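Structural characterization, general
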Amino acid sequence: MFLLSVALLSLLPFPWSSAEPAVSERWHAWPVSRVFPAVLTGASPSGARVSYLLAGVAPEAPCRVALQAAAAAVLPRCLTTLRATYSDSTQTFVATVGVAVLDGAPSWLPVRAVPAGAGGRPPSVRPAAFPGGAAERFGEAQYVTGAVAASGGPYVVFTAAGYADGRPYQPEGGTEPRLGAAAVQLAEALHKALTR
């Protein structure tokens, strides 16, 4: 009888058995290195494996500061924003990722990250440059495309992507498929890590 009781107790879930914080608390409970890993992997449109390397993490900022005005306007319940910039391993592309932390669910719910439309740049996170590397010349003028990932939870993840050589956005220039893929993959990967 004693062994049966012990066996049954081992099957019961105990709240103290998991040290993992609630999804809504992860943005400040996790170390920065877990929110923004040093390396993320993805795939190019041709299927080749791609690595995205962390260039730097910006200080936490109010949503109206870290997000472009049109992006902040659609998130009235945004509490704060975390930002980091990544480059691909060839240092051709750079992308700033912004994690908007919400007080509740957003009013619009993209099911998955969606790339920018052909007609221009979508509202997104403000690019964050970091000296001494691929992201040194990345700013508002260099932001070419972006993506957004949300699932109705406490986070909306934006990306703003461009070229590491500092070339400015040209409306008629079109978007390199690998750049759009980087924006989507980074948004999806960081959103998934925070919410799964």
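Here the structure is shown first, and the text comes after it.
Below you will find a few notes about this structure. (Residues numbered from 1 in each chain as written. Predicted model: local features only at pLDDT ≥ 70, side-chain atom pairs only at ≥ 80, totals over all residues. Heavy atoms only, no water.)

As for its placement among the helices and strands, Thr85 is situated in strand E3 (residues 78-88). In terms of polar contacts, Thr85 uses its side chain to reach the side chain of Thr96, at 2.8 Å. Among all residues touching Thr85, those that are not within four sequence positions of it are Leu53, Leu54, Ala55, Gly56, Val94, Ala95, Thr96, Ala128, Phe130, Ala135 and Phe138. (Helix = DSSP H or I, 4+ residues; strand = E, 2+ residues; numbered from the N terminus. Polar contact = N/O pair within 3.5 Å; in protein donor to acceptor, adjacent residues only side chain to side chain. Contact = heavy atoms within 4.5 Å.)

Let us now look at the pairing of strand E1 (residues 39-43). The alternating pattern of E1 places Leu40 and Gly42 on a buried face, while none of Val39, Thr41 and Ala43, on the opposite face, is buried. Between E1 and the antiparallel strand that follows it, strand E2 (residues 49-57), lie 5 residues; Gly47 among them carries a positive phi value of about 100°. (Buried < 20%, exposed > 50% of the residue type's maximum accessible area, 1.4 Å probe, protein only. Pairing = 2+ DSSP bridges.)

Another point: unusual backbone geometry. Even without glycine at this site, Gln91 takes up a positive phi of about 60°. Tracing the backbone through its elements, the reader meets Gln91 in the loop between E3 and strand E4 (93-102). In this structure Gln91 comes out as partly exposed when scored by relative accessible area, which is 48%.

Okay, the nonpolar core next. Of all hydrophobic cores here, the largest spans 30 residues; its most connected members are Phe36, Tyr52, Tyr86, Val99, Val157, Leu186 and Leu190. Broken down by secondary-structure element, the contributors of at least two residues to this core are E2, E3, E4, strand E6 (145-150), strand E7 (155-163) and helix H6 (177-195). Setting aside its immediate chain neighbours within four residues, Tyr52 contacts Ala38, Val39, Leu40, Thr41, Gly42, Tyr86, Ser87, Asp88, Ala181, Ala182, Gln185 and Leu186. Leu75, Cys78, Leu102 and Val125 belong to the second-largest nonpolar core, a separate cluster that totals 15 residues. (Core = buried A, V, L, I, M, F, W, Y, C linked by side-chain atoms within 4.5 Å.)

With that out of the way, let us pick up the state of the cysteines. In a disulfide, the sulfur atoms of two cysteines are held together by a covalent bond. If you walk through the whole model with that rule in mind, you get 1 disulfide. Cys63 shares a disulfide with Cys78; S-S distance 2.0 Å. Taking the torsion about the sulfur-sulfur bond, which here is approximately -75°, the covalent link between Cys63 and Cys78 counts as left-handed. Here the residue Cys63 occupies a position in helix H4 (residues 63-66), and Cys78 occupies one in strand E3, the gap between them amounting to 15 residues. (Disulfide = S-S within 2.5 Å.)

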